[in-house]
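Coordinate inspection notes
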Amino acid sequence: MKKSPGPVMLDVKGPVLTDDDLRRLSHPMTGGVILFARHYESRGQLIALTDAIRDVRDDLLIAVDHEGGRVQRFRTDGFTVLPAMRRLGELWDRDVLLATKVATATGYVLAAQLRACGVDLSFTPVLDLDYGRSAVIGDRAFHRDPRVVTLLAKSLNHGLALAGMSNCGKHFPGHGFAAADSHVALPVDERELDVILREDVMPYDWLGMALSSVIPAHVIYSKVDAKPAGFSRIWLQDILRGKLGFTGAIFSDDLSMEAARVGGTLTQAAQAALQAGCDMVLICNQPDAAEAVLDELRYTPSKESVRRIKQLRPRGAAPSWRKLTDRPVYRDALALMRATLG
């Protein structure tokens, strides 16, 4: 059934669609589905699930947090266990050229495997700087140096693009300096704006048009705005869109996280994030609560917002898993990763 994607991305109950899932996916405010480990039993099951979602709505964006390291949802039945991005930063410190090649290979393998199973987008790369302060970021970050983060992310994004997948930089303007975990607390970063712009924001500036989408941090930058970045017009409109000239899609981070509760109820938080400048809001691990948001939300996305989300959908059909694994470029990428990172 053809529709125009709405502004809410939610998840489904489990590895097989239920009647409740079908109702929520059919709702006009739904625009995407995010998958987690509980949605995965095998490659065949995952393909059946993504096919079933497409049978309900062929315009929905199917996404997953599949970065590598400790944030990788699918790990068995042929999926390559991807390295934490810090491993690529450590490799950079030893061999710059090899690190960029391995980053491209990693991005390609990551995206090609997901696309072979019907997944459109992985929320990667992490562009946070590794200050050694944030446990929730930790080895998910490439490096402390924004230049290294930018160049490794650019190489990873090139690999994603080779497999036909867009990218998503997170967590704007940077979660690396804030120690608290936004899943369970509200982090506050008290640095001055010019420091954040000079350090954490630089990868977003340098990547420029190569960045397809962005997720802002559930962090308050108290010298800039009293609201977390994902609810802040200053960060999303004045700085990201205005100063940096970013034209891609903006997703909220998960509105179910503790740090998002500053936005009030889930519906109020969704409304606030969208009005601040997000194109799509994420509500994870609470399908029933997400349905209430679908029913209560009063928001009509602009044509430009809908276009930005649609542009994230892959162009062209992905090869099946069997055809993918027969491709020399895929085999070479896997071999390089294994030889370099183990």
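A few points on the structure. Given the structure is predicted, the values throughout are model-derived calculations rather than measurements. (Residues numbered from 1 in each chain as written. Predicted model: local features only at pLDDT ≥ 70, side-chain atom pairs only at ≥ 80, totals over all residues. Heavy atoms only, no water.)

1. Some thoughts on helix H1 (residues 19-26)
Using the following cut-off: The cut-offs for exposure are 20% and 50% of the maximum accessible area for each residue type, with area from a 1.4 Å probe on protein chains only; residues under the lower value are buried, those over the upper are exposed, and the others partly exposed. Helix and strand assignments come from DSSP, with helices taken as H or I runs of at least 4 residues and strands as E runs of at least 2, each series counted from the N terminus. Each C-beta atom gives one direction from the helix axis, and the arc is the one those directions make. Whether two residues touch is decided by their heavy atoms; if any such pair falls within 4.5 Å, the residues are in contact.
Taken together, the buried positions of H1 are Asp 21, Arg 24 and Leu 25. Considered in projection along H1, the buried side chains sweep an arc of 100 degrees and stay on one side of the axis. Considering only its buried residues, H1 is in contact with strand E1 (8-10), strand E2 (30-35), helix H2 (43-56) and helix H10 (287-296).

2. Observations concerning helix H11 (residues 303-310)
Along H11, the residues that are buried comprise Ser 305, Val 306, Arg 308 and Ile 309. Around the axis of H11, the buried residues are gathered within 160 degrees of arc, so they sit on the same side.

3. Remarks on unusual backbone geometry
Pro 125 follows Thr 124 through a cis peptide bond whose omega is 15 degrees. Residue position: Pro 125 is located in the loop between strand E6 (121-122) and helix H5 (146-162). Here the amide bond leading from Phe 172 into Pro 173 is cis, since omega sits at -5 degrees, within 30 degrees of zero. Although it is not a glycine, Asp 77 adopts a positive phi angle of roughly 55 degrees. Position of Asp 77 relative to the elements: it lies in the loop between strand E5 (71-72) and helix H3 (85-94).

4. Overview of the pairing of strand E12 (residues 280-283)
The condition that has to hold: Two strands form a pair only when DSSP identifies at least two bridges running between them.
Burial of E12 is two-sided: the residues Met 280 and Leu 282 facing one way and the residues Val 281 and Ile 283 facing the other way are all buried. Looking at chain direction, strand E11 (residues 249-254) and E12 are connected through 2 bridges and run parallel. Residue Phe 251 lies in a different strand from E12, and its bridge partner there is Met 280.

5. What about the side chain of Thr 80?
Note the threshold: Whenever two N or O atoms come within 3.5 Å, that pair is a polar contact, provided that in protein one can donate a hydrogen and the other can accept it, and provided that, for residues adjacent in sequence, both atoms are side-chain atoms.
Inspection of the secondary structure puts Thr 80 in the loop between E5 and H3. With relative accessibility at 11%, the residue Thr 80 sits in the buried group. Of note is the side chain of Thr 80, whose polar atom sits 2.9 Å from the side chain of Gln 113. Apart from residues no more than four positions distant in its own chain, Thr 80 is found in contact with Gln 72, Val 109, Gln 113, Leu 334 and Met 337.

6. Comments concerning the sheet that holds E2
Put simply, the rule reads: All axes here are fitted lines through C-alpha atoms, helices being fitted over the stretch that makes contact, and every angle between N-to-C directions spans 0 to 180 degrees.
Spatially, 8 strands are ordered E6-E3-E2-E1-E12-E11-E9-E7 in an open sheet, and the strand pairing comes out parallel. Each edge of the open sheet is held by one strand with a lone partner, namely E6 and strand E7 (169-172). Taken strand by strand, helix H9 (residues 266-276) contacts E11 and E12, and its axis lies near 150 degrees from that of E12.

7. Re the environment of Asp 189
As for its position among the elements, Asp 189 is in strand E8 (residues 188-189). The class of Asp 189 is buried, set by a relative accessible area of 1%. A sequence separation of 28 residues divides Asp 189 from Ala 217, and the C-alpha atoms of the two residues are 11 Å apart. Look past the residues within four positions of Asp 189 in its chain and what remains in contact with it is Phe 177, Val 219, Ile 220, Tyr 221 and Ser 222.

8. Remarks on the pattern of salt bridges
For clarity, the cut-off: For salt bridges, the criterion is a side-chain nitrogen of Lys or Arg within 4 Å of an Asp or Glu carboxyl oxygen.
Scanning all chains against the criterion turns up 28 salt bridges. Two residues, Arg 38 and Asp 11, come together in a salt bridge whose shortest N-O distance is 3.1 Å. Pair noted here: Arg 38 is in the loop between E2 and H2 and Asp 11 is in the loop between E1 and H1, with a separation of 27 residues, a long-range link. Arg 23 is the partner of Glu 291 in a salt bridge, and the nearest nitrogen-oxygen pair spans 2.6 Å.

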